[in-house]
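Structural overview for review
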Amino acid sequence: MNSLVVLLVAALAVSVKCNSEVSFAIDLFDRGDQDKDGELTEKELENVFLAFDTNGNGQITKQEFEDVWVKKLNLGPKIMADELFNKADIIDNDYLDHEDLKLVFKAFDFDGDKSVSLNEFLTKWGSLTLIG
Ligand SMILES: [Ca+2]
Ligand SMILES: [Ca+2]
Ligand SMILES: [Ca+2]
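Residues numbered from 1 in each chain as written. Chains lettered and ligands numbered in written order. Predicted model: local features only at pLDDT ≥ 70, side-chain atom pairs only at ≥ 80, totals over all residues.

This brings us to unusual backbone geometry. A positive phi is found at K36, a non-glycine position, where the angle reads about 55°. Checked against the element boundaries, K36 lands in the loop between α2 (19-32) and β1 (39-41). The class of K36 is exposed, set by 7 C-beta atoms lying within 10 Å. Within the chain, D94 stands out as a residue other than glycine whose phi angle is a positive 70°. You can see D94 is positioned in the loop between α5 (78-88) and β3 (95-96). A residue is classified by how many C-beta atoms lie within 10 Å of it, and D94, with 10 of them, is exposed. (Helix = DSSP H or I, 4+ residues; strand = E, 2+ residues; numbered from the N terminus. Buried ≥ 20, exposed ≤ 12 C-beta atoms within 10 Å, placed from the backbone.)

Let us now look at the UniProt feature "domain: EF-hand" (unreviewed entry) in the chain. Taking the numbering used here, the UniProt-annotated feature "domain: EF-hand" (unreviewed entry) corresponds to residues 40-75 and 96-131. Taken end to end, residues 40-75 comprises 61% helix and 11% strand; its first and last C-alpha atoms sit 19 Å apart. (UniProt positions renumbered as here; feature names shortened; annotations may be inferred.)

The next thing to look at is the environment of F24. Following the sequence through the fold, F24 ends up in helix α2. Taking C-alpha positions, F24 is 8.9 Å from L75, a pair spaced 51 residues apart along the chain.

Okay, the packing of α2 against helix α7 (residues 118-127) next. Between α2 and α7, the shortest axis-to-axis distance is 10 Å and the interhelical angle comes to 130°. In terms of axis orientation, α2 runs oblique to α7. At the point where α2 passes α7, the crossing takes the right-handed sense. On α7, the residues touching V22, A25 and F29 of α2 are L118, F121, L122 and W125. Here the contact of α2 with α7 is composed, by residue class, of seven nonpolar, no polar and no charged. (Axes fitted to C-alpha atoms, helices over the stretch in contact; angles between N-to-C directions. Parallel < 35°, antiparallel > 145°, perpendicular 65-115°, else oblique. Left-handed = near helix turned anticlockwise from the far one by under 90°. Contact = placed C-beta atoms within 7 Å. Nonpolar A, V, L, I, M, F, W, Y, C, P; charged D, E, K, R; others polar.)

A separate point is the nonpolar core. A general feature of soluble globular proteins is that nonpolar side chains tend to end up buried together. Core analysis: the largest hydrophobic core is formed by seven residues, namely A25, F29, L40, V116, F121, L122 and W125. Within the residue set of this core, elements represented by two or more residues are α2 and α7. Take this core: its biggest share by element is three residues, from α7. Excluding its chain neighbours within four sequence positions, the residues that come into contact with F29 are L40, L118 and F121. Core analysis: the next-biggest nonpolar cluster, separate from the first, contains six residues, F65, W69, F85 and L96 among them. (Core = buried A, V, L, I, M, F, W, Y, C linked by C-beta atoms within 7 Å.)

Within the element layout of this structure, V70 appears in helix α4 (residues 62-72). With ten residues separating them in the primary sequence, V70 and M80 have C-alpha atoms 9.0 Å apart. The residues contacting V70, other than those within four sequence positions of it, are P77, K78 and A81.

Structure (structure tokens):
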């Protein structure tokens, strides 16, 4: 897909969502994009992973995910954390590890350039049906 198509798809995906949901997604992207270059790299996603892996054992349990999402970062209700956790747990074994992380990154990186742009992020995010 060329970037214009990606842009159009992103615009379509976000247009059916309410504004608060889009700004929420942009806020999430912004938190992950530590060097603020408008792209999420695998390294930046890895840092997000580390923030959730509170005991540092390389696995994020649902409990850890909920605690960080709801209490530490105050991003939303537990039910939303649960749903995101289940979507991210692509290798369905009740914890998130680097294998899941790789697949999540791939799912967002539509053009395969090893970097997730804001458009890619919004397109994928718009296709996730989240509660709230
Ligand atoms: Ca970046
Ligand atoms: Ca898993
Ligand atoms: Ca990309």
